[in-house]
Amino acid sequence: MTNSPIWHPFTQHGLGDPIPLIARADGACLYDADGQRWIDAISSWWVTTHGHGHPRIMAAIREQSEKLDQLIFAGWTHEPAETLAAELIRITPDPLTRVFFSDSGSTSVEVALKMALGYWFNIGEARSRILVMEHSYHGDTIGAMSVGERGVYNRAWQPLLFDVGTIPFPRDGQEQASLDALEAACAQKPAAFIVEPLILGAGGMLVYPAWVLAEMRAICARHGVLFIADEVMTGWGRTGTRFACDQAGVTPDIVCLSKGLTGGAIPLAVTLCIEPIFAAHFSADRSKTFYHSSSYTANPIACAAAGANLAIWRDEPVQHRIDALADAQAAHLSLLAHDPRVRNPRRLGTIAALDIAVPDSGYLSTLAPRLIAYYRDRGVLLRPLGNTVYVMPPYCITPDDLAQVWAAIAGSLDEL
């Protein structure tokens, strides 16, 4: 048993692995009280975009904390939320007209699902089935788990999960079969189809082409099925563009954003939707109210951090940094691409991934804990998905630090 009372997420304490105590962070690096340094090669679970402690975001947090720390958002509002919402509408496609605030990626997905079902309920059409993509992951709340892959993540809670329709992942050469399956499922008039655009994160960093995403959007549009894009991980430059849907020319009916929304500094999420979804809830009839909130909806300090993040995107050469990191990732990945121990090397934007060939592949591969320990001992924070190793660093990572990350990966192939 650990001496700490903390129960950590996605952590099997029975393995007895050490849990480093981090005292501070700067840029792409983490430090303990003794000054030991780790390169944060997964952006602290995919959230940190511009780097830890970005001065503009920290300044916005400090300034806002001295003005207004918290406000009930039911029937009240504040300037940081109004400014942020207006900017989000400005940078997203025109059909997205409404912004609903929440706290995390999971809750932004819950909001999206409830928006979709509320829309059909309020207009008097009996549509309630949700379509999902095989191997997807959308979070750990009940609705988000229901629309994710069933398995080790959620098998203890199966009785709580609602039934969904599953579309096969569009593997290379089998894209048409997935599109045909979606076409057939949409003909049955489901309520919505939710996808992680272009890349499935926790499902194994599985990549599919932009033209497939575009065709999936077109199929949903033909059948009047609401299209939900979960851009919680893919948004804010990870896939090479600000949003993954941009690469397919796709405008979702509903889009979920979080993680990099504040540059990774503080929790915040939004769910954007098209006007007809809002209009279906707009009424003098109070029973049509959208009944969803949390105590910290649109927290002013978090909104100020997000506003600073959007200002960074507006004022600084963020896209140049993303492009440079993407090129560097491609170069490092190419050095291992032909190693016989490596399977399916792949890259999308700033995300690079590979599978290590082992007999027990998958999330519970016995290789994973050994890899985590190996990388930790070499000053690198990597958290493989089973035998899938991926690198998703902040955009400010230096060439030397990125080289150290990939050297650790190459070393793990030799030693483990």
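Residues numbered from 1 in each chain as written. Predicted model: local features only at pLDDT ≥ 70, side-chain atom pairs only at ≥ 80, totals over all residues. Heavy atoms only, no water.

As annotated in an unreviewed UniProt entry, the chain carries the name Adenosylmethionine-8-amino-7-oxononanoate aminotransferase and comes from Sphingopyxis lindanitolerans. Within the UniProt record for the chain, the comment given under Catalytic activity (unreviewed entry) is "(8S)-8-amino-7-oxononanoate + S-adenosyl-L-methionine = S-adenosyl-4-methylsulfanyl-2-oxobutanoate + (7R,8S)-7,8-diammoniononanoate". Recorded in UniProt under Sequence similarities (unreviewed entry), the annotation for the chain is "Belongs to the class-III pyridoxal-phosphate-dependent aminotransferase family. BioA subfamily." (UniProt positions renumbered as here; feature names shortened; annotations may be inferred.)

Asker: Looking at this model, I keep getting lost on helix 10 (residues 318–336). Mind explaining?
Answerer: Working note: α-helix, 3.6 residues per turn, so residues spaced by three or four point in the same direction. Between its first and last C-alpha atoms helix 10 spans 28 Å; for 19 residues at 1.5 Å apiece the expected length is 27 Å, and the two agree. The set of residues buried in helix 10 consists of Val-318, Ile-322, Leu-325, Ala-326, Gln-329, His-332, Leu-333 and Leu-336. Looking straight down helix 10, one finds that the buried residues subtend no more than 135° of arc, so they occupy a single side. Facing away from the buried side of helix 10 by over 90 degrees, the exposed positions are His-320, Asp-327 and Leu-335. Its buried side turned inward, helix 10 meets helix 9 (300–315), strand 13 (342–348), strand 14 (351–356), strand 16 (388–391) and helix 12 (399–415). (Helix = DSSP H or I, 4+ residues; strand = E, 2+ residues; numbered from the N terminus. Expected span 1.5 Å × (residues − 1). Buried < 20%, exposed > 50% of the residue type's maximum accessible area, 1.4 Å probe, protein only. Arc of directions from axis to C-beta. Contact = heavy atoms within 4.5 Å.)

Asker: Can you walk me through the pattern of salt bridges in this structure?
Answerer: A pair can form between side chains of opposite charge whenever their charged atoms are brought close. Evaluation of the coordinates by the stated rule reveals 19 salt bridges. For Arg-98, the salt bridge identified is with Glu-275, shortest N-O distance 3.0 Å. Of the two residues, Arg-98 is situated in strand 4 (residues 96–102) and Glu-275 in helix 8 (residues 275–281); the sequence distance between them amounts to 177 residues. Judged by relative accessible area, which is 31%, Arg-98 ranks as partly exposed. (Salt bridge = Lys/Arg side-chain N within 4 Å of Asp/Glu carboxyl O.)

Asker: Help me out: how do you make sense of unusual backbone geometry in this one?
Answerer: Across the chain, the bulk of peptide bonds are trans and the bulk of non-glycine residues have phi less than zero. If you check the backbone angles, Phe-10 has positive phi at about 50° while not being a glycine. Residue placement: Phe-10 occurs in the segment before strand 1 (22–26). One non-glycine residue with positive phi stands out, namely Leu-198, at about 75°. When you line up the elements, Leu-198 lands in the loop between strand 7 (192–195) and strand 8 (199–200).

Asker: Honestly, the sheet that holds strand 13 in this entry has me stumped. Any pointers?
Answerer: Either a parallel or an antiparallel arrangement is found when strands of a sheet pair, and the pairing is made through backbone hydrogen bonds. With antiparallel pairing, the three strands of this open sheet are ordered in space as 13-14-16. Each end of this open sheet is capped by a strand with a single partner; those strands are strand 13 and strand 16. Ignoring which end each strand starts from, the neighbouring axes of this sheet average 15° apart. Bridge analysis of strand 13 against strand 14 gives five bridges, and the strand direction is antiparallel. Opposite Arg-347, over in strand 14, you have Ala-352 as the bridge partner. Contacts from helix 12 reach strand 13, strand 14 and strand 16, with the element oriented near 170° to strand 16. (Pairing = 2+ DSSP bridges. Axes fitted to C-alpha atoms, helices over the stretch in contact; angles between N-to-C directions.)

Asker: Quick question: what am I supposed to make of the UniProt feature "binding site: pyridoxal 5'-phosphate" (unreviewed entry) in the chain here?
Answerer: Taking the numbering used here, the UniProt-annotated feature "binding site: pyridoxal 5'-phosphate" (unreviewed entry) corresponds to Gly-105, Ser-106, Asp-230, Ser-294 and Ser-295. A stretch of 191 residues holds the annotated residues, and the largest C-alpha distance among them is 23.1 Å, long enough that they do not meet in one place. With respect to the helices, strands and loops of the structure, Ser-106 is situated in helix 4 (residues 105–122). Not counting the four nearest positions on each side in its chain, Ser-106 is found in contact with His-138, Gly-139, Asp-140, Thr-141 and Ala-144. Within the element layout of this structure, Ser-295 appears in the loop between helix 8 and helix 9.

Asker: What should I look at first to understand the sheet that holds strand 1 in this one?
Answerer: If you walk across this open sheet you meet the four strands as 1-2-3-15, and the pairing is mixed. Sheet topology places strand 1 and strand 15 (380–381) at the edges, where each strand pairs with a single neighbour. Bridge analysis of strand 2 (residues 29–32) against strand 3 (residues 37–40) gives three bridges, and the strand direction is antiparallel. In the sheet register, Tyr-31 faces strand 3, and the bridge partner there is Arg-37. Here helix 12 sits on the sheet and contacts strand 2, strand 3 and strand 15; the angle it forms with strand 3, its principal contact strand, is near 90°.

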